[in-house]
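Listed below, chain by chain, are the residues.
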Amino acid sequence: MDFIIYSRNFLPLNDAEGYCTARFANALASSGHHVHVVTMDHPQQIPQDVCDELIPMVKTITRVPSKGAVKSYYPRIRYQTPEWDAIDYGESIRCLKRVLSGYDKPILISRMCPAASGIVSWHCRKHASLWINHFSDPFPNYLKGGFLGSIMNAFTMRWARRFLDDSDLCSITCNEVLQFFEEKFGNIDRQKFVLVPHIGDPFLQPEPWQNPFEGKPFMAHTGNCYDGRYASEIVKELQIMGANNVHLGFLQAGAMLDKDQELIRKSGIDFKHISLNSPRTASAIFNTATINLVVDLKTNYGYTPFIPSKFVYLLFCDSPIVVFARNDSWMYKLAHQFPEAGIRFADVNLEGHLAEVLTDLVGMLSCYSADRSAIRQLFSGQNVIQGLLDRVTEFER
């Protein structure tokens, strides 16, 4: 089969969705199908050797020149979207239609986020034999306030409805997001959705890095840490550990507010902060950290319709993992479904729980063991792609 993947965010852009789409495209090509990626002509934000390692099987990539630095209101009005990247939609649509027309029965897969991938693909769907729209996150996740915001929100909700109604299949990273769509749009056809979670392999080869805790135990959080990822709650838990004289350093690799950094330092915890500019550095930290902390996104839905890609990548290394999330998240369910994987869970709604879990884990590190072979299979490229292919075959019968 010929698969055309349209993703605005793709390598060599240093973007979370770019890495997810790269692993997906490579796994799909590795299954023996032809994969043609259409994306923007992004600047080289990551080294070429990283691209080569992640997508060795993807041979055909078409890049559309971008006018991203230019802000224009007309494209936003024309395509009825609040997104400034609408300035690139016209050329992207023309290019994607040309690519699709070059194949007999192409299957179009749009990878959202951002919404641009779905909007461009919606305009091109009739040139494909099948359109699969992938939601990496719930959509729309963020809406605007005010009068103008209400108009933009109406456009956004209309696009979401089109993505759900006009695509042939919708793929999602976790089944928990179905509740989100039902609350936003009423009854949905659950049979239309196929689970296509993040893919964990290949695990990027690490690069040498300056470990500020050389010879000392430390917990690492890679990625930005802000209030939307329970930053204040993490600070409180570290303060509890500091008060109890738990000797575990904390490395924040990524952005963090100065006020939160200062509070951690005052807690007595040995705290270090570094910038995270390379995915290979992230791999090195994953492998080196005594404990890796995964923090979920904070929501006001009353449930958790996400699974962080970082959690999936960490499953493919052997270091201890502590998840700080709600107890209705898929990560919570996986920790209990695969107890042999050695994933410790701390409830964000129970003050002191993370400090307790970390303290217990520090005390048993010498005898810690984990067998992640089964859970890795769940998030392997081969397994994820086979699940998608089975649904495509079923749909085409």
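In this text, all values refer to a predicted model and were calculated from it rather than measured experimentally.

The next subject is the packing of helix α1 (residues 16-30) against helix α15 (residues 381-396). One can describe the packing of α1 onto α15 by two numbers: an axis separation of 9 Å at closest approach and a directional angle of 75 degrees. Taken together, the axes of α1 and α15 lie roughly perpendicular to each other. Contacts between α1 and α15 pair Phe24, Ala27 and Leu28 from the former with Gly381, Ile385, Leu388 and Leu389 from the latter. Classifying every residue of the contact of α1 with α15 by side-chain character gives 6 nonpolar, 1 polar and no charged.

For strand β4 (residues 107-112), a buried count of 6 out of 6 residues is recorded, marking the element as mostly surrounded by other parts of the structure. Burial along β4 is two-sided: Ile107, Ile109 and Arg111 facing one way and Leu108, Ser110 and Met112 facing the other are all buried. As paired elements, strand β1 (residues 2-6) and β4 share 4 bridges and run parallel to each other. Paired with Phe3 across the bridge in β4 is Ile107. Pairing geometry for β4 and strand β5 (residues 130-135), over 6 bridges, is parallel. When the bridges of β5 are listed, Ile107 appears paired with Leu130. Taken together, β4, helix α5 (residues 115-124) and β5 constitute a β-α-β crossover, and its handedness is right-handed.

A separate point is the sheet that holds strand β10 (residues 271-274). If you walk across this open sheet you meet the 6 strands as β10-β9-β8-β11-β12-β13, and the pairing is parallel. Strands at the two margins of the open sheet, each flanked by one partner only, are β10 and β13 (343-347). With direction set aside, neighbouring strand axes in the sheet form an average angle of 25 degrees. Strand direction decides the pairing type here: strand β11 (residues 291-295) and strand β12 (residues 321-325), joined by 4 bridges, are parallel. Across the sheet, residue Leu293 finds its bridge partner in β12, namely Val322.

Calculation notes
- In this convention, every chain numbers its residues from 1, walking through the sequence in written order.
- Predicted model: local features are reported for residues with pLDDT of at least 70 only, side-chain atom pairs are reported and counted for 80 or more only, and whole-chain, interface and lining totals are derived from all residues.
- Here the side-chain values reflect all heavy atoms present in the structure, with hydrogen atoms and water set aside.
- Here, axes are lines fitted to C-alpha atoms. For helices the fit covers the stretch in contact, and angles between N-to-C directions go from 0 to 180 degrees.
- In this text, helices come from DSSP runs of H or I with a minimum length of four residues, and strands from runs of E with a minimum of two, each type numbered from the N-terminal end.
- Angle categories: roughly parallel below 35 degrees, roughly antiparallel above 145, roughly perpendicular from 65 to 115, and oblique for all the rest.
- Contacts are residue-level and defined by heavy atoms, with any inter-residue pair within 4.5 Å sufficient.
- Residues are grouped as follows: nonpolar covers Ala, Val, Leu, Ile, Met, Phe, Trp, Tyr, Cys and Pro; charged covers Asp, Glu, Lys and Arg; every other residue, Gly included, is treated as polar.
- Here the term buried applies to any residue with accessible area under 20% of the maximum for its type, exposed to any over 50%, and partly exposed to those in between, with areas from a 1.4 Å probe on protein chains only.
- Following DSSP output, two strands are said to pair if at least two bridges run between them.
- Orient the strands so they point away from the viewer; a crossover is then right-handed if the path from the first strand over the helix to the second runs clockwise.

Treat this as a map of the structure, not an account of what it does.
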